[in-house]
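Reading the structure
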Amino acid sequence: MTKGEGDKTPQQLKEEGNEAYKLADWDKAIDKYSQALTATTEDKERSVFYKNRAAVYLKIEDYENVVKDCTQCLEISPKDPKALFRRAQAYEALEQAEKAYADARTLQVVDPKNKEVQEMLSRVHKVVQDLVEEKTKTSGKVQQLFDILFDPGCEKDKRETCANNLVALARERAGSELLMKQNILGRMVQMLKTEKNFEIKIACARTLSEFCKDLDRTKLILQEIGIPWLLDLMNNKHEGLVNATQYTFQKIFNTLSGMDIKLERKPDKILLAQNQKEIDSLMATLVSIVTQRTMSGLCRDAVIELILKNVDWEKLNWADKFIRMGGIEKMLDICSELEEFQFESRIDITDNTRMTTAICLAKVYDSQYDDKAREAYRNRVDEYIRLRLLTPDLEHKVRVAVAISTLLLGPLDVGSHLIAREGILEMLLVMANSDDLLQQKAACEALIAAATKKDKCRSIITQGTDILKKLYQSKNDAIKVRALVGLCKLGSMGGTDASMKPFSEGASLKLAEACRRFLVNPTKDKDMRRWACEGLSYLTLDADVKEKLISDRPALRSMIELAKSGDMNCLYGVVATFVNLCNAYDTQEVIPEMVELAKFAKQHVPETHDLDDQDFVDKRVTILAEEGAATALTALSKTDSQNSRELIARLFNAICQMQDNRGLVVQQGGTKALLDLATEGTKKGKTVAAQALARIAITINPEVAFPGQRAYEVVRPLLKLLDPECQALENFESLMGLTNIAGISESTRKRIIKERGLPLIENYMFEHHEMIRRAAIQCMANMCASPDIIKLLEGKNDKFKYLFLCASDEDEEIIKAAAGALCMVMSESPKCLVKVFEAKDWEEILEFLLSHANKDIQYRGTVIVFLLVSHDKQTAERIIDTHCKTALEAISKIDNPEFVLPKAREYAHNTLKLCATQWKLIKDPDAVD
């Protein structure tokens, strides 16, 4: 047997877990039982530890883990009563009545006198009977559904309705089992061979995705239908069907691996090991067919997205397998395609293909953690480019230029390494200076992308500015706008430093005006406007350009409409421009002493423009919000680029920083996008998205801002902000948002408990920062409406005692919150009533509340004293023998609402009356002398 934490034995760890369980410290209890499991090899001990950990999971309503742990326990001790009962409870909560009934029946044999088991049996038996009846009825309905759906001669509307009903049936466990028994897979495959109606095809794909939530059914689908058939279903030009089938593929990956991006659940090591063959087969198929000429552009994008979402699983080492299978070369083949190429072997692409490919290449490069692996990646790219340039004809040169542009959009280090190779930059400059429009276009785009780093900017300014100016005079708008963007990028090399101007004074404003003309001209196509946006994304680092653009409402509307189209190629241009307008980028703190030191050392000191003062920034943010920027950001948030998602989250947060804008974000559908951004992305991106959600939850009724299921989904992001690494403002806003969420219903309070939020909230109740501490106590006050919290306060701990002590704080808002919580808890819990007297200064605290100048606090004090006096005679006697009696008499006699609330006066009078008439402790206050 190995030792656990330090020198602790498994039994010691178990005892610590038991103690944590008694104190309702669920996180600690789970941790201790998990350590005990790791520290022992004895089956008997493991059985106990699994069973105990399952009890904790049951408390936090993590029923799936309850089932897993109880099953592990029962494999060692097949008839363990506690494990059987806990698993039965979990199955019942998961609405798997048949399994719950089976466990309860087994337990009845083991423990026939257990009343709880008998109650569960009668309860679940009725549910099972109802299910049997429902299945019988459903079976008939399913047959009718099949008769219509699989009859091509039936009316179109009826067949579509039946197809959608099929999805609804598949969502329910009983319905999906019934459909599988009716050989739904074979019948769907047969029907889809000839089906022309895309709505029915989409419904079938969605039905498959519902089946794929279950591991056994997923394997059956892969066996009976197969990956090639699913790929054929996805290979079309109907966006809805492609998306539905792609979702099915992702569900297959999730189920085989145990992964769930939205729940931040990483792949399960055991599941990966069990299903590695199927996962390898699926990934290998996707990589091998990604360059097929017969594949539609939409399908290709979907395949690339599936690869990039699943390629970086460390445990499967799939990024290395992807590289060995020639994945890099395949991606470069795809991204170097142009619509202008006119030959039969051309790969079909969409407007978004190049951006998706760039993200995929970046994802694979980022997964190469050591220098040797990254060098091998770069060598593969170098070899690809070298082979293309062996035949320096027009097509190959253009392909190389386009591939370089893509690499500079994705793995920047690889693209920069390529540009630094001898002759590459010179080749691009020669192509840009040629008379061939295709070469000019490709070279311009590559030069724009290459001007990301200052050393490259200087080379291009030296050698290429005249070429770009010449191209700007072109009669071809596609060339002209690209040359314009190149000049814009070179002109913005100084960034936000107002003292650095690469071009002459006023040049930036002239370039911005040229971009604006492309943007607002109705005769220019979407591609022209996209490039104009990109030009502005560089120029708006200049505060003068920002102010000029924000006053041009038609230009702003044009950018927003372009973004709402969902074209991911415009993503960078629009988002970067908006980020600049809102100053939503990170700025380095300027320390005056360091500035003086830099000046003394004759170092350049960046200057901030006067037009970047906060008042100007607030005005720009407000205008963007009014023009509907949130709608545009929602459309663009579907990108897979983690950096772009972070920028979008920053923008949402900048807009939500101003209270008046939060309603606009909700109206324009921003909350759904923010929930997604807070789930997946960079660490900073998830944090700022969560902060934006917190700000919305503070200002707007959460039931309106987060209707239905979203009220539960928002809990997890807000709890992520209760981290010591987060800023104090983020902690505070999270607690304020959670306070309002906790006030919605018992369900939302249970979700906070389930997400293990209670220890986090309690931690901030001891915070030194007054505002944060106040917010935490207010949040706990709303949580006290939950029976689970009341039960926790009744336990052998000091939680209630601390809450009572908070009622004597210096901060009035803290006193209000604590006293309000005491009123709720004490009205429901006699055990907590008695706990008041555990506080050393209980008399002073009660007198403090009754004599407080704040009428609301005084009112809460009268309620607390009334509840205490109502408990029993002994408690009433202890209260009435203090100065509380004098305070109550004074309150009951003041008939002026300016000094005492009528409700407080009534409670004071009723307390005295109770002491007189029921407990006979004092003279009746209503008696006549």
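Further up the page is the structure itself.
Summary of the structure given here. All values derive from a computational prediction rather than experimental measurement.

1. Brief notes about the side chain of D301
Mapping D301 onto the fold places it in helix α17 (residues 297-310). Of the side chains bearing the opposite charge, R300 lies closest to the buried D301, which forms no salt bridge; the N-O distance is 6.3 Å. Not counting the four nearest positions on each side in its chain, D301 is found in contact with T350, N352, T353 and T356.

2. Some points on the environment of D527
Its location among the elements puts D527 in helix α29 (residues 526-539). On the accessibility criterion, D527 (26% relative accessible area) is partly exposed. For the pair formed by D527 and C570, sequence separation is 43 residues and the distance between their alpha carbons is 8.5 Å. Separated by 3.1 Å, the side chains of D527 and R530 make a polar contact.

3. Here we look at the pattern of salt bridges
Counted by the stated rule, this structure contains 48 salt bridges. The residue R171 makes a salt bridge to E210 at a minimum N-O spacing of 3.5 Å. With a gap of 39 residues between them, R171 in helix α8 (residues 156-171) and E210 in helix α11 (residues 198-211) connect regions that are remote in the sequence. Residue classification places R171 among the partly exposed residues on the basis of a relative accessible area of 48%. In this structure, K619 engages E547 in a salt bridge whose closest nitrogen and oxygen atoms are separated by 2.8 Å. Separated by 72 residues along the polypeptide, K619 in helix α34 (residues 614-626) and E547 in helix α30 (residues 543-550) bring together distant segments of the chain. Among the residues examined, E547 registers a relative accessible area of 14% and is labelled buried.

4. Thoughts on the packing of helix α22 (residues 394-409) against helix α24 (residues 424-432)
Packing of α22 against α24 brings their axes to within 11 Å, and their N-to-C directions diverge by 115°. Helix-helix and strand crossings are classified by hand; for α22 and α24 the assignment is left-handed. For the pair formed by α22 and α24, the contact residues are K397, V398, V400, A401 and I404 on the first element and I424, M427, L428 and M431 on the second. Class assignment of the residues belonging to the contact of α22 with α24 gives a composition of eight nonpolar, no polar and one charged.

5. Things to note about unusual backbone geometry
Among all residues save glycine, negative phi is the norm, and among peptide bonds the norm is trans. Despite not being glycine, E61 has its phi angle at roughly 65°, a positive value. Position of E61 among the secondary structure elements: in the loop between α3 (43-59) and α4 (63-76). Even without being glycine, K920 reaches a positive phi, approximately 55°. In this structure, K920 sits in the segment after α55 (902-917). With a relative accessible area of 64%, K920 lands in the exposed category.

6. Some remarks on the packing of aromatic side chains
According to the stated counting rule, one finds eight aromatic pairs in the structure shown. Their ring planes at 70° and their centres at 5.4 Å tell us that F866 and Y907 sit as a pair that is edge-to-face. With F866 in helix α52 (residues 855-871) and Y907 in helix α55, this residue pair connects regions lying 41 residues apart in the sequence. Taking relative accessible area as the criterion, F866 reaches 23% and is therefore assigned partly exposed. Judged by relative accessible area, Y907 falls into the partly exposed class, the value being 27%. Here the aromatic cluster, defined as three or more aromatic residues joined through ring pairs, consists of Y859, F866 and Y907.

7. Observations concerning α55
Between its terminal C-alpha atoms α55 stretches 22 Å, which fits the 22 Å expected from 16 residues at 1.5 Å a residue. If you check which residues of α55 are buried, you get A904, A908, T911, L912, L914, C915 and A916. Its buried side turned inward, α55 meets α52, α53 (873-880) and α54 (884-893).

Reading the values: the criteria
In this convention, every chain numbers its residues from 1, walking through the sequence in written order. Selection of residues for local features in this predicted model requires a pLDDT of at least 70, selection of side-chain atom pairs for listing and counting requires 80 or more, and totals for whole chains, interfaces and linings are taken over all residues. The side-chain quantities take in all heavy atoms of the structure and omit both hydrogens and water. Secondary structure is summarised from DSSP: a helix means a run of H or I of at least four residues, a strand means a run of E of at least two, and numbering begins at the N terminus for each. Burial status follows relative accessibility: with a 1.4 Å probe on protein chains alone, a residue under 20% of its type maximum counts as buried, one over 50% as exposed, and anything between as partly exposed. Residues scored as positive are Lys and Arg, those scored as negative are Asp and Glu, and His as well as the terminal groups of each chain are ignored. For salt bridges, the criterion is a side-chain nitrogen of Lys or Arg within 4 Å of an Asp or Glu carboxyl oxygen. Contacts are assigned to residue pairs that have any heavy atoms within 4.5 Å of one another. What qualifies as a polar contact is a pair of N or O atoms within 3.5 Å, subject to a donor-acceptor requirement within protein and to the restriction that residues adjacent in sequence count only when both atoms come from side chains. Note on definitions: angles span 0 to 180 degrees between N-to-C directions of axes, and those axes are lines fitted to C-alpha atoms, for helices only across the stretch in contact. By the definition used in this description, the sense in which the near helix is turned from the far one sets the handedness, with an anticlockwise turn below a right angle giving left-handed and a clockwise turn giving right-handed. Residue classes follow a fixed rule: Ala, Val, Leu, Ile, Met, Phe, Trp, Tyr, Cys and Pro count as nonpolar, while Asp, Glu, Lys and Arg count as charged, and any other residue, Gly among them, counts as polar. Under the pairing criterion, centres of Phe, Tyr and Trp rings, with the six-membered ring standing for Trp, must be within 6.5 Å; the plane angle then separates stacked pairs below 30 degrees from edge-to-face pairs above 60, leaving the rest tilted. Each residue after the first adds 1.5 Å to the expected span of a helix.

Everything listed here is a matter of geometry and, on its own, says nothing about what the molecule does.
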